[in-house]
Amino acid sequence: MSNDSLAQTALIFLGAAIIMVPLVRKLGLSSVIGFILGGIIIGPFGLKLTGRDSADIMHATEFGVIMLLFLVGLEIEPKKFWVIRTKILGMGISQMVFTIAILFGIFYFAGWHYDEALVAALCFAMSSSAIVLQTLKEKNTLHTDVGEASFSILLFQDMAVIPLLALLPVIAKTSEDTENQKLIQLLPDWLQPFSIVIGIAALIFLSRYTFVPFLRYVSRSGMNELLTATSLFLVIGVSELMNAVGLSAALGAFIAGVMLATSEFRHELESQLDPFKGVLLAVFFVSVGSTINFFVIMQDPMFIFTVTAVVLLVKFGVLFGVGKFFKLKMNQNFLVALGLSQVGEFAFVLINYSSDLYIVDPKLKAQLMAITAISMCITPILLIINEKFIEPHTNKAKPSPEELDTPEVLHKIIIVGFGHFGSTVGRLLRVNGIGATILDNDSERVNLLRSNGFKVYYGDASKPGILRSAGAETADLLILCLDNPEKNKAILNYSREHFPQLEIFVRAKNRLDAYDFINNGVDHIYRETLGTAVNMAVDILKATGMRAYAARRLGKRFTMIDIAMTKKLAKEQVKDKVSFTMSQYLSREAELLAEDSHSFDETKWNEYDEDPS
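Our subject in this report is the structure included herewith.

Thresholds, definitions, all that
Residues numbered from 1 in each chain as written. Predicted model: local features only at pLDDT ≥ 70, side-chain atom pairs only at ≥ 80, totals over all residues. Heavy atoms only, no water. Phe/Tyr/Trp six-rings, centres within 6.5 Å; stacked < 30°, edge-to-face > 60°. Helix = DSSP H or I, 4+ residues; strand = E, 2+ residues; numbered from the N terminus. Axes fitted to C-alpha atoms, helices over the stretch in contact; angles between N-to-C directions. Parallel < 35°, antiparallel > 145°, perpendicular 65-115°, else oblique. Contact = heavy atoms within 4.5 Å. Nonpolar A, V, L, I, M, F, W, Y, C, P; charged D, E, K, R; others polar. Patch = residues over 30% accessible without salt bridge, like charges linked within 9 Å, V, L, I, M, F, W, Y side chains within 5 Å. Areas by Shrake-Rupley, 256 points an atom, 1.4 Å probe, with all protein chains shown as cover. Salt bridge = Lys/Arg side-chain N within 4 Å of Asp/Glu carboxyl O. Expected span 1.5 Å × (residues − 1). Buried < 20%, exposed > 50% of the residue type's maximum accessible area, 1.4 Å probe, protein only. Pairing = 2+ DSSP bridges. Right-handed = clockwise from strand over helix to strand, strands pointing away. Left-handed = near helix turned anticlockwise from the far one by under 90°. Arc of directions from axis to C-beta.

The geometry of an aromatic ring pair is captured by two quantities: the separation of the ring centres and the angle between the planes. The full count for this structure, using the stated rule, is 14 aromatic pairs. A centroid spacing of 5.8 Å and a plane angle of 20° characterise the contact between Phe 104 and Tyr 108, whose relative ring orientation is stacked. In this pair, Phe 104 and Tyr 108 are both assigned in helix H6 (residues 85-109), four residues apart and thus about one turn of the helix distant. Here a set of aromatic residues connected by ring pairs shows up, and it is made of Phe 107, Trp 112, Phe 124 and Phe 303.

As structure tokens, then:
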């Protein structure tokens, strides 16, 4: 396969995704359906545009699944991972054991050879992390009970890949070639059964004591390109390390993500990797569609579709029973059972490996691959049926009056910039029990603040994606405290466009910046020079002999007049100009000073005075 042909095939795959996904989204369907339909259209049974490179493309883009699990891991802190351990082991073991046992029994009594029946059962017990997690993200249910249950089962399946790969040579009564041996086989025989524990422990050690210091070292360069390269380096390095020791690259990526979830680089890593993950997953789904061999299906359609139906029904029944045992609600149970009823992408790996070990012949291999791909195509359709017809009849619970009347105790706050100005804001919020997510792009400051208990993350909020990773879609308040007015304006404009629900508080260095913010519709503007200068003037008034209360009252009046006049003068700005010239600034300053001479009318401002008591 030449580099030119691979690049051309990848270009065709991306083109199919770009054309098909907007079409299916207009019909209200999942983007996964668009990707798979695009692959079918350009595949060997359609326009025949993929040549012989589809399988290579699919293998390469499985890295998108690894990135997806790394990013999912970044969203789960180790404490939460420990909390759901019961679901991971209980739901995961139950689903795998019952599915394998039932499918093996059906295939064996249907006349399959026992080793073929066992391999097929092992492969079909897996579910698709890519399809399920992508669907949960699109439906915004990843962090609900449905998402937690689905994720627990998928995670256990990823952990089970390693024992399954080790079991296949035993079934085949053969051993791997010495040239393909993994590092794990260099361990003493008595240690090899503990390979998963050893690999995970090594990865946890590296994540905690190597990855974070390495990221801090790179971030000091101030080059975003290096951070992008470092993010890719970490994920690729972890996956290769796991492959080298014979463990699942996807499982290793997830654990690395979990260990980095508490680091200050969590949101920066998310924003750097998310575009790559999206592109690779898109091409992966297109490649799934393009590898469906319709010629194999046409040779024996009854066999293919009967086995597909049996697999979907058995997995649905097992998942529904497991969900019922773990007390999922009816509507949640249907969503989990239908969502995970397909065969997963790791089945492609297991089927190919089984073929290499001569457990399955080429014909059965092609049939199993077709069944896997068809089940992946059917799942989005099943989820639509659930959403349109089943869920309206099973989701009848309404929130109680107590739930409706419960007020929101804490606002979700994001502070951008935690220097001298931002840290003052953050400290005052913190001592009053109000938490906030803090973004700053000074790695040394971030490290210092985290060591003192602040929830600070490294990241440049002016880059698209960082705010989204920090939770801007669900936040209430955005506080811009950067000392660079242009960056504050850029973040303000981006937030207004993409997160319109945010109430924005912004720092302005002087009145010139305040004019721009006012004309951009910002209500909460805080000039860093105003408050300090007024406080100084108040102290000077007291030093001249004025009573303290009178000085404070005059200072407060002056502040109110200044803010009101700044708003008034800003609105007189010519609409087609962006900022004031220096001459305009000086003329407005003169107007403001002139206004001071008749603005201290006692009758006008008495209502705003503080009670001297």
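Read on for the rest.
Interhelical geometry of helix H16 (residues 330-339) versus helix H18 (residues 362-394) gives an angle of 170° and a closest axis separation of 10 Å. By the angle between their directions, the pair H16 and H18 is classed as roughly antiparallel. In this structure, H16 uses Met 330, Asn 331, Phe 334, Leu 335, Leu 338 and Gly 339 to contact H18, whose residues at the interface are Thr 379, Leu 382, Leu 383, Asn 386, Ile 390 and Thr 394. Each residue belonging to the contact of H16 with H18 can be placed in one class, and the counts come to seven nonpolar, five polar and no charged.

In this section: a nonpolar patch on the surface. Taken together, Leu 14, Ile 18, Ile 19, Leu 23 and Val 279 make up a surface patch of nonpolar side chains, about 470 Å² in accessible area. For the nonpolar patch, the element with the most residues is helix H1 (residues 3-26), which contributes four residues. Take Ile 19: it is sitting in helix H1.

Across its twelve residues, helix H2 (residues 31-42) extends 17 Å between first and last C-alpha, which sits within 8% of the 16 Å expected from 1.5 Å per residue. Of all twelve residues that make up H2, nine are buried, and the element is covered over most of its length. Looking at H2, one finds that the buried residues are Ser 31, Val 32, Ile 33, Gly 34, Phe 35, Ile 36, Gly 38, Gly 39 and Ile 42.

Quick look at the side chain of Gln 332 now. Relative to the helices and strands, Gln 332 resides in helix H16. Exposure remark for Gln 332: the relative accessible area of 14% places this residue in the buried category. The residues contacting Gln 332, other than those within four sequence positions of it, are Asp 145 and Val 146.

Moving on to the pattern of salt bridges. Following the criterion strictly, the structure yields ten salt bridges and no others. Between Glu 528 and Lys 509 there is a salt bridge, with its nearest N and O atoms 3.6 Å apart. On the criterion of sequence distance, the pair formed by Glu 528 in helix H25 (residues 528-543) and Lys 509 in the loop between strand E5 (503-508) and helix H24 (511-519) is long-range, its members being 19 residues apart. Overall, Glu 528 belongs to the partly exposed group, its relative accessible area being 24%. Across the pair Asp 539 and Lys 542 runs a salt bridge, and its minimum N-O distance is 3.4 Å. Highlighted residues: Asp 539 and Lys 542, both in helix H25, separated by three residues, approximately one helical turn. Overall, Asp 539 belongs to the partly exposed group, its relative accessible area being 45%.

Okay, unusual backbone geometry next. Not every positive phi belongs to a glycine, and Lys 327 is a case in point at roughly 65°. As for its position among the elements, Lys 327 is in the loop between helix H15 (301-325) and H16. Judged by its relative accessible area of 73%, Lys 327 falls in the exposed class.

We now examine the pairing of E5. Here strand E4 (residues 477-480) runs beside E5; their pairing, made up of four bridges, is parallel. Across the sheet, Ile 479 pairs through a bridge with Phe 505, a residue of E5. In this fold, the crossover linking E4 to E5 by way of helix H23 (residues 485-498) has right-handed handedness. Where E5 meets strand E6 (residues 524-527), four bridges bridge the pair, whose relative direction is parallel.

Axis angle and axis distance: for two packed helices, these are the angle between their axes and the distance between the axes, and together they describe the pair. Two elements in contact, H15 and H18, have axes whose closest approach is 9 Å; the angle formed by their N-to-C orientations is 55°. By the criterion of interaxial angle, the relationship of H15 to H18 is oblique. As H15 runs across H18, the sense of the crossing is right-handed. On H18, the residues touching Phe 303, Ile 304, Phe 305, Val 307, Thr 308 and Leu 312 of H15 are Gln 367, Ile 371, Ile 374, Ser 375 and Ile 378. Residue classes in the contact of H15 with H18 are distributed as eight nonpolar, three polar and no charged.

Right, let's talk about the sheet that holds strand E3 (residues 456-458) for a bit. Backbone hydrogen bonds are what pair the strands of a sheet, in a parallel or an antiparallel way. In space, the six strands of this open sheet follow the order E3-E2-E1-E4-E5-E6, with parallel pairing throughout. Of all strands in the sheet, those with a lone pairing partner are E3 and E6, marking the two edges. If you compare each strand with its neighbour and ignore which way they point, the axes differ by 20° on average.

Burial of the side chains of strand E2 (residues 437-440) extends over both faces: Thr 437 and Leu 439 are buried on one face and Ile 438 and Asp 440 on the other. For the crossover that starts at strand E1 (residues 413-416), traverses helix H20 (residues 420-431) and ends in the parallel E2, the hand is right-handed. One ladder, built from three bridges, connects E2 with E3; its direction is parallel. Considered in E3, the bridge of Ile 438 is made with Val 456.

Right, let's talk about H20 for a bit. Its twelve residues give H20 an end-to-end C-alpha distance of 17 Å, which sits within 8% of 16 Å, the value for a rise of 1.5 Å per residue. Listing the buried residues of H20 in full gives Gly 422, Ser 423, Gly 426 and Leu 429. All buried residues of H20 project into a common sector of 125° when viewed along the axis, lining one side. Residues of H20 that are exposed and angled more than 90 degrees away from the buried face: His 420, Leu 428 and Val 431.

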